[in-house]
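Spelled out from the first residue to the last, the chains are:
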Amino acid sequence: MMNDRLSYEEKKELPDSVFGLPERREYPMPDAAHVRAAEAYFRYCPEELKPKLAKAILQRAQQFGVDVESPTVLSYANQ
């Protein structure tokens, strides 16, 4: 089983650019496993931030060759 949990120290080291919500440093996506985790945890994102997070997930997914399958993420990304 792949570990999609980052320690506080690991998370602290990441640049803002790898976060789905950089201003809050939430939804880190430094690799493919974390892109999938962000997709899985998307429903917990505050409603007003979902379009931004959805676009970030698709962008990072493209970089890592991950297929985003969530119709919810895809619909928010097209808003």
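Residues numbered from 1 in each chain as written. Predicted model: local features only at pLDDT ≥ 70, side-chain atom pairs only at ≥ 80, totals over all residues. Heavy atoms only, no water.

**So, helix α3 (residues 50-64)**
Taking 1.5 Å of rise per residue, 15 residues should cover 21 Å, and α3 covers 21 Å from first to last C-alpha, within 8% of that figure. By the burial criterion, the buried members of α3 are K50, P51, L53, A54, A56, I57, R60 and A61. Contacts made by the buried residues of α3 are with β1 (19-21), β2 (26-28), α2 (32-40) and α4 (71-77). (Helix = DSSP H or I, 4+ residues; strand = E, 2+ residues; numbered from the N terminus. Expected span 1.5 Å × (residues − 1). Buried < 20%, exposed > 50% of the residue type's maximum accessible area, 1.4 Å probe, protein only. Contact = heavy atoms within 4.5 Å.)

**A short note on α2**
Among the nine residues that make up α2, seven are buried, leaving the element largely enclosed by the rest of the structure. The complete set of buried residues in α2 reads A32, A33, H34, V35, A37, A38 and E39. Of the surrounding elements, those touching the buried residues of α2 are β2, α3 and α4. With a side-chain oxygen positioned 3.3 Å from the backbone nitrogen of A33, the residue opening α2 is D31. (Polar contact = N/O pair within 3.5 Å; in protein donor to acceptor, adjacent residues only side chain to side chain.)

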